[in-house]
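Coordinates in review
For reference, the chains in residue letters:
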Amino acid sequence: MNLSVTDFLATEARLGTYNYEPIGVVLSRGEGVWVWDTEGNRYLDCLSAYSAVSQGHCHPKILAAMVEQAHRLTLTSRAFHNDQLAPFYEEIAALTGSHKVLPMNSGAEAVESAIKSVRKWGYEVKGVPDGQAEIIVCTDNFHGRTLGVVGFSTDIETRKHFGPFAPGFKIIPFGDAAALEAAITQNTVAFLVEPIQGEAGVIIPPAGYFTKVRELCTASNVMLVLDEIQTGLGRTGKLLAEQHEGIEADVTLLGKALSGGFYPVSAVLSNNEVLGTFRPGQHGSTFGGNPLACAVARAAMRVLIEEGMIENAAKQGARFLEGLKDIRANTIREVRGRGLMLAVELHPEAGRARRYCEALQANGILAKDTHEHTIRIAPPLVITGDQVDWALERFATALTQDFS
Ligand SMILES: *Cc1c(COP(=O)(O)O)cnc(C)c1O
C-alpha cells in the first residue's frame, strides 16, 4: 500500500499529539547531506535533526558499527559490565580531555544528570547547607523538555501549564557577565549555559564574555556547566565551542551528534570531582551506557575526526556565512553564525520565517524556522563547497521571493 503525503499527515494528526508543526514533507531515505521524500524528491538537509546528524545521514561506518554490535549484544543494563563501555570512556575522555564520564541517552537527561551532580557536589564538597543549592541559568536558554529543565525556561510556551516547578534556579540575562557576578552567592553551585544559544536563534555572546564567566566561576568555586549538546562535536568549527573562547568548562554536556543520529546517546563529562560524588543506587538509567549506544558513539566520534569534519565545518561554515551575507534581500535583518551553526534573521515585516522555509522546500532545501523570524541553517558537517554554493543559490531565490 502506497500512502500519499496527505495520508501520512492525516494519520499523524488523528493519532499523534500536536506538539510539533513539521514542514509538510515525509522523508523516507537519507545519505550524506541529502534526504528524499516518499515521492522521490531530493532535498539538502539544512537542519541535520537539530545537529544530531552532523556526520551525514546513514554514515556507512557508523551504520556498520551499529549493525555489527546489534548482532552481538545490545543491552545489558549497568547491572553487568559490557565490553563497549570502557573503550567508549577511554575514547570520549581522550577526545575531550575529560576525567570522568556519565553516559545517558537524551540531551535533557544529560542536563538533569548534571544538575543532580553539581547539587550533590555542592552539598558534599563545597559545603552548601542541605536544600539551599542554587544554579544560575540564562534567559532564552534551551536545555531540553523534562520538568526540571522547562521549570527554568523563560519561554512561555515551554512552561505554561506544566508547573509547579522545582525551585533552586536563578535566571540572568545571557551575555551579561556583570549579572552573573551579582547573582552568585555562597550557595551557588553552578552556572549552566550554552556557549551559543541554539534554539534561541543562534545567539553568539559578546567577545570576552566567557573569559569573564570563567574567572567569576573559578573565583567563587562555582561549576561552569557548558551545554554543548548542540554546539559540541564540531558544529561550530571546533571540537567544542568553548575552544573559541579559550576556556574550559568544569562540566560539559554532549548529546545529539554523539551518535551521528543513529541512536540517542548523551554524556556528562567532567574535569574534576563533580562526578566523583555518586555512589551505587544514587543515579542511573536502564539504557545509559549500553553496548549498542557505546559502539555507535565510538564510530560517530571516530569518523568525525578521521574524516576531517571539524575542519570542514570551519571552512564551509565561513563560505556559507559569507555567501549568505552577499545575498541582497531586503527581507534579511541579520546573518550570523559560527562554523556550520548559522541563522538568518528576517525583518518582522518580511512575515513569518515559516513561509520562507516552505519556499526553501520548494527549491530543494529543508530548513526550520525558530521563533517567528529566524531561519536556522545547520547542514551535516560533510557538506562540500559545491553543495554550499548550490544551497546559497536556493537561499537567494527563497529569500527574495515575492509572496504578495
Ligand atoms: C537539543 C538540546 C537539548 C536537549 O536534547 P534532547 O536530546 O532533545 O533531550 C539540550 N540542550 C541543548 C543546547 C540542545 O540543543
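None of these values were measured; they are calculated from a predicted model.

**Concerning helix α11 (residues 291-306)**
Counted at 1.5 Å a residue, the expected span for α11 with its 16 residues is 22 Å, and the 22 Å between its end C-alpha atoms agrees. Here α11 lies mainly inside the structure; 13 of its 16 residues are buried. The backbone nitrogen of Leu292 has a side-chain oxygen 3.0 Å away, supplied by the residue at the start of α11, namely Asn290. Gly308 sits one or two positions beyond α11 and adopts a positive phi of about 65 degrees.

**Remarks on the packing of aromatic side chains**
Overall, the coordinates contain seven aromatic pairs when judged by the stated rule. Both rings, one in Tyr356 and one in Phe403, keep their centres 4.9 Å apart while their planes meet at 85 degrees; by these two values the pair is edge-to-face. Of the two residues, Tyr356 is situated in helix α13 (residues 353-362) and Phe403 in the segment after α14 (385-399); the sequence distance between them amounts to 47 residues. For Phe403, a relative accessible area of 29% puts it in the partly exposed group.

**Thoughts on helix α9 (residues 209-219)**
Taken residue by residue, α9 has Tyr209, Phe210, Val213, Arg214, Leu216 and Cys217 as its buried positions. For α9, the arc enclosing every buried residue in end-on projection is 165 degrees, short of the 170-degree limit, so these residues lie on one face. Relative to its buried face, α9 has exposed residues pointing more than 90 degrees away, namely Thr218 and Ala219. Among the structural elements, β5 (134-138), α8 (177-183), β7 (188-193), β8 (223-227) and α10 (242-245) are those in contact with the buried residues of α9. After α9 finishes, the residue Asn221 shows a positive phi value of roughly 55 degrees.

**Examining the sheet that holds strand β2 (residues 34-37)**
Taken together, four strands build an open sheet; the order of strands is β1-β2-β3-β13 and the sheet is mixed. Strands with a single pairing partner mark the edges of an open sheet, and in this sheet they are β1 (27-31) and β13 (365-366). Where β1 and β2 come together, four bridges link them in antiparallel fashion. By the bridge assignment, Arg29 is partnered in β2 with Trp36.

**Quick word on the domain arrangement of the chain**
The domain architecture assigned to the chain consists of domain 1 (1-38) and domain 2 (60-306). With centres defined by C-alpha atoms, the gap from domain 1 to domain 2 works out at 31 Å.

**A word on the packing of helix α12 (residues 309-326) against α14**
Closest axis-to-axis distance for the α12/α14 pair is 10 Å, and the angle between their directions is 25 degrees. Relative to α14, the element α12 lies roughly parallel. Handedness of the α12/α14 crossing: right-handed. Residue-level inspection shows Gln316, Arg319, Phe320, Gly323 and Leu324 of α12 in contact with α14, the latter providing Gly385, Val388, Asp389, Ala391, Leu392 and Phe395.

**Observations regarding the nonpolar core**
Counting residues in hydrophobic clusters, the biggest one holds 70 residues, and the most contacted among them are Ile92, Leu258, Phe320, Leu324, Ile375, Phe395 and Leu399. Per-element accounting of this core gives the leading share, ten residues, to α11. Looking at which domains feed residues into this core, each of domain 1 (1-38) and domain 2 (60-306) gives three or more. Excluding residues that lie within four positions of it along the chain, Leu258 makes contacts with Ile92, Leu233, Val265, Ser266, Ala267, Ala297, Ala300 and Met301. In this structure, Ala110, Val149, Val225 and Val274 belong to the second largest nonpolar core, which totals 27 residues.

**Some thoughts on the site of the ligand**
With respect to spatial proximity, the complete set of residues near the ligand consists of Ser106, Gly107, Ala108, Phe142, His143, Gly144, Glu194, Asp227, Ile229, Gln230 and Lys256. Take Gln230: an N or O atom from its side chain is 2.8 Å from an oxygen atom of the ligand. If the ligand stood free it would expose 380 Å²; the protein chains cover 81% of that surface.

**Considering unusual backbone geometry**
Cis geometry marks the peptide bond from Gly163 to Pro164, where omega comes out at 5 degrees. Tracing the chain through its elements places Pro164 in the loop between α7 (156-159) and β6 (169-172). The backbone of His161 shows a phi angle near 70 degrees, a positive value even though the residue is not glycine. Relative to the elements of secondary structure, His161 occurs in the loop between α7 and β6. Take His161: its relative accessible area is 74%, and that puts it in the exposed class. The phi torsion at His371 lies on the positive side, around 55 degrees, for a residue other than glycine. With respect to the helices and strands, the residue His371 is situated in the loop between β14 (368-370) and β15 (374-377).

**What to know about the sheet that holds β6**
The strand order across the open sheet formed by seven strands is β4-β10-β9-β8-β7-β5-β6, and the pairing between neighbours is mixed. Pairing within the sheet leaves two strands with one partner each, and these edge strands are β4 (100-104) and β6. Across the sheet, the mean angle separating the axes of adjacent strands is 20 degrees when strand polarity is ignored. The pairing of β5 with β7 spans three bridges and is parallel. Bridging across to β7, Glu134 finds its partner in Thr188. Across the face of the sheet, helix α5 (residues 107-126) comes into contact with β4, β5, β6, β7, β8, β9 (251-254) and β10 (266-270) while running at roughly 160 degrees to β7.

**Concerning the pattern of salt bridges**
Between side chains of opposite charge, a pair can form as their charged atoms come close. Considering all chains together, one arrives at 18 salt bridges under this definition. Asp83 is paired through a salt bridge with Arg72; the nearest N and O atoms lie 3.6 Å apart. Of this pair, Asp83 sits in the loop between α3 (60-72) and α4 (85-96) while Arg72 sits in helix α3, and the two are eleven residues apart along the sequence. Under the relative-accessibility criterion, Asp83 is labelled partly exposed at 46%. Measuring nitrogen to oxygen at the nearest pair gives 2.8 Å for the salt bridge that ties Lys120 to Glu124. With a gap of four residues between them, Lys120 and Glu124 both fall in helix α5, about one helical turn apart. In this structure Glu124 comes out as partly exposed when scored by relative accessible area, which is 48%. Members of the salt-bridge network, linked through shared partners, are Arg333, Glu334, Arg336 and Glu345.

Rules used throughout
Sequence positions are assigned chain by chain, starting from 1 and proceeding in written order. With pLDDT at 70 or above as the cut-off, local features in this predicted model cover only qualifying residues; side-chain atom pairs require 80 or more to be listed or tallied, and sums for whole chains, interfaces and linings still use all residues. Working from all heavy atoms in the structure, the side-chain values ignore hydrogens and water. Each helix corresponds to a stretch of at least 4 residues labelled H or I by DSSP, and each strand to a stretch of at least 2 residues labelled E; elements are numbered beginning at the N terminus. To estimate the expected span of a helix, count its residues, drop one, and scale the result by 1.5 Å. The buried label applies to any residue whose accessible area, calculated with a 1.4 Å probe on protein chains only, is under 20% of its type's maximum; exposed applies above 50%, and partly exposed to all values in between. Throughout this description, a polar contact denotes any pair of N or O atoms lying within 3.5 Å of each other; where both atoms belong to protein, one of them has to be capable of donating a hydrogen while the other can accept it, and for residues adjacent in sequence the pair is counted only when both atoms sit in side chains. Aromatic contacts are taken between Phe, Tyr and Trp rings whose centres are within 6.5 Å, Trp giving its six-membered ring; a plane angle under 30 degrees counts as stacked, one over 60 as edge-to-face, and the others as tilted. The reported arc concerns the directions from the helix axis to the C-beta atoms and nothing else. Whether two residues touch is decided by their heavy atoms; if any such pair falls within 4.5 Å, the residues are in contact. Strands are treated as partners if at least two bridges between them are detected by DSSP. An automatic or database domain assignment is the source of the domain bounds shown. Here the axes come from fitting lines to C-alpha atoms, over the contacting stretch only for helices, and the angles between their N-to-C directions go from 0 to 180 degrees. Any angle from 65 to 115 degrees is called roughly perpendicular, while one under 35 is roughly parallel, one over 145 is roughly antiparallel, and all others are oblique. Whether a crossing is left-handed or right-handed is set by the direction in which the near helix is turned from the far one by less than a right angle, anticlockwise for left-handed and clockwise for right-handed. Here, the term nonpolar core denotes a set of buried Ala, Val, Leu, Ile, Met, Phe, Trp, Tyr and Cys residues that are joined through side-chain atoms within 4.5 Å. When at least one non-hydrogen atom of a residue lies within 4 Å of a molecule or strand, that residue is treated as near it. Throughout, the Shrake-Rupley method with a 1.4 Å probe supplies accessible areas, and for residues the shown protein chains are the sole cover considered. Think of a salt bridge as a Lys or Arg side-chain nitrogen and an Asp or Glu carboxyl oxygen that are within 4 Å of each other.

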